Amino acid sequence: DSGVTQTPKHLITATGQRVTLRCSPRSGDLSVYWYQQSLDQGLQFLIQYYNGEERAKGNILERFSAQQFPDLHSELNLSSLELGDSALYFCASSVSPYPGLAGKNTGELFFGEGSRLTVL
Amino acid sequence: TQLLEQSPQFLSIQEGENLTVYCNSSSVFSSLQWYRQEPGEGPVLLVTVVTGGEVKKLKRLTFQFGDARKDSSLHITAAQPGDTGLYLCAGANFGNEKLTFGTGTRLTIIP
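Here we summarise the structure given alongside this text. Nothing here was measured: the structure is a model prediction, and the numbers come from that model.

## Observations regarding the overall build of chain A
Reasoning step 1: Scanning chain A from N- to C-terminus turns up zero helices and eleven strands.
Reasoning step 2: Taken from N to C terminus, the helices and strands of chain A fall in the order β-β-β-β-β-β-β-β-β-β-β.
Reasoning step 3: The C-alpha radius of gyration of chain A comes to 14 Å, within 12% of the 14 Å expected for a compact globule of 120 residues.
Reasoning step 4: For chain A, the spread of C-alpha atoms along the three principal axes comes to 45 × 30 × 25 Å.
Reasoning step 5: Out of the 120 residues in chain A, the part that is buried amounts to 52%.
Reasoning step 6: Surface summary for chain A: the accessible area is close to 5,700 Å², and the carbon and sulfur share equals 47%.
Reasoning step 7: Of the charged side chains in chain A, 9 are positive and 12 negative, and the gap between their average positions amounts to 3 Å.

## Regarding the sheet that holds strand β6 (residues 55-58) of chain B
Whether parallel or antiparallel, the strands of a sheet pair through hydrogen bonds between backbone atoms.
Residues and elements named next belong to chain B.
Reasoning step 1: Taking strand neighbours across the sheet as the criterion, the five strands line up as β1-β3-β8-β7-β6 in an open arrangement whose pairing is antiparallel. The open sheet has two edge strands, β1 (5-7) and β6, and neither has a second partner. The average undirected angle you get between the axes of adjacent strands in this sheet is 15°.

## With respect to the pattern of salt bridges
Reasoning step 1: In this structure the tally under the stated criterion is eight salt bridges over all chains.
Reasoning step 2: Its salt-bridge partner being A:R26, residue A:D29 comes within 2.8 Å of it at the nearest N-O pair.
Reasoning step 3: B:D83 is the salt-bridge partner of B:R60, the closest N and O atoms lying 2.9 Å from each other. In this pair, B:R60 is assigned in the loop between β6 and β7 (61-65) and B:D83 in the loop between β8 (71-76) and β9 (85-92), connecting sequence segments 23 residues apart.
Reasoning step 4: Take B:R60: its relative accessible area is 28%, and that puts it in the partly exposed class.
Reasoning step 5: Accessibility expressed as a relative area gives 3% for B:D83, which makes it buried.

## A closer look at the state of the cysteines
Reasoning step 1: Using the criterion set out here, one finds two disulfides over all chains in the structure.
Reasoning step 2: Here A:C23 connects covalently by a disulfide to A:C91, the sulfurs 1.8 Å from one another. Between A:C23 and A:C91, the S-S torsion sits near -55°, and that sign places the bridge as left-handed. With A:C23 in strand β3 (residues 19-24) and A:C91 in strand β9 (residues 87-94), this pair connects stretches of sequence that are 68 residues apart.
Reasoning step 3: Of the residues examined, A:C91 reaches a relative accessible area of 0% and is grouped as buried.
Reasoning step 4: Paired by a disulfide, B:C23 and B:C89 hold their sulfur atoms 2.1 Å apart.

## Re the interface of chain B and chain A
Reasoning step 1: Listed as interface residues are 25 residues of chain B and, on the opposing side, 24 residues of chain A.
Reasoning step 2: Both faces considered, chain B and chain A share a buried interface measuring about 1,800 Å² in area, 59% of it formed by carbon and sulfur atoms.
Reasoning step 3: On inspection of chain B and its partner chain A, the count reaches zero salt bridges.
Reasoning step 4: When contributions to the side of chain B that touches chain A are tallied by element, the ones reaching two or more residues are β4 (31-37), β5 (44-49) and β9 of chain B.
Reasoning step 5: Counting residues per element, the side of chain B that touches chain A draws most heavily on β4(B), which supplies four residues.

## Some points on the environment of A:S79
Residues and elements named next belong to chain A.
Reasoning step 1: Within the fold, S79 resides in the loop between β8 (74-78) and β9.
Reasoning step 2: In this structure the C-alpha to C-alpha distance between S79 and D29, which are 50 residues apart in sequence, comes to 28 Å.
Reasoning step 3: Once you skip the residues sitting within four places of it in the chain, S79 turns out to touch Q17, R18, R63 and F64.
Reasoning step 4: Within polar-contact distance, the side chain of S79 engages the backbone oxygen of R63 at 2.8 Å.

## What about the environment of A:I60?
Residues and elements named next belong to chain A.
Reasoning step 1: Take I60: it is sitting in the loop between β6 (53-57) and β7 (64-68).
Reasoning step 2: Distance from I60 to H73, taken between C-alpha atoms, is 19 Å for residues 13 residues apart in sequence.
Reasoning step 3: Among all residues touching I60, those that are not within four sequence positions of it are L46, I47 and L76.

How each quantity is defined
- Residues numbered from 1 in each chain as written.
- Chains lettered and ligands numbered in written order.
- Predicted model: local features only at pLDDT ≥ 70, side-chain atom pairs only at ≥ 80, totals over all residues.
- Heavy atoms only, no water.
- Helix = DSSP H or I, 4+ residues; strand = E, 2+ residues; numbered from the N terminus.
- Rg over C-alpha atoms; globule rule 2.2 N^0.38 Å.
- Buried < 20%, exposed > 50% of the residue type's maximum accessible area, 1.4 Å probe, protein only.
- Areas by Shrake-Rupley, 256 points an atom, 1.4 Å probe, with all protein chains shown as cover.
- Lys, Arg positive; Asp, Glu negative; His and termini not counted.
- Charge placed at Lys NZ, Arg CZ, Asp CG, Glu CD.
- Pairing = 2+ DSSP bridges.
- Axes fitted to C-alpha atoms, helices over the stretch in contact; angles between N-to-C directions.
- Salt bridge = Lys/Arg side-chain N within 4 Å of Asp/Glu carboxyl O.
- Disulfide = S-S within 2.5 Å.
- Contact = heavy atoms within 4.5 Å.
- Buried area = accessible area lost by both parts, 1.4 Å probe.
- Polar contact = N/O pair within 3.5 Å; in protein donor to acceptor, adjacent residues only side chain to side chain.

The structure is reproduced here in structure tokens:
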């Protein structure tokens, strides 16, 4: 158990609809990351928040948006859904805003179990 | 854009055999991490390497960071069925909030 909680675990919806994915980070972690994993592909970075502020943006579509709330949980909103949006969406959290660092303030990312979105 | 290519994309071997998977980039990274992802779960960190030429061992797994910090390898000795999973490398640069993941190697160990 990574300590990161994602809901829902599975979601089936239709094209054109809007969904919200929720993430609760590990206790004490200030950074939240969102990644998309499509079939047979690696993890595509979408967006990162640190203590409520957006810190980095990846290949996130304009139809997608996210935010981190004062209690540090985060939501990823996906709108005008298309078939190609079907994927696993992972949330990860870390203590540091700089992923990949080794040492005391490690940039280890702790991942949730993901939310599997199917758009029909 | 920094890209990390992993090879092979798929690997299926018998239990007890040795294997090496590779992570290559044309870009320099300050650090490189390896994660393992099992079906239905999120990736879990195995190791972080930060120094060019660094070698780290985790039981039967040996990780090496290239001298130029552009590539890395993961060697597994006497593979076990429990090693089955998707292996992902991820590169980072100090001061940059973005962690770039590789394309992944899907490893299957046949009992």
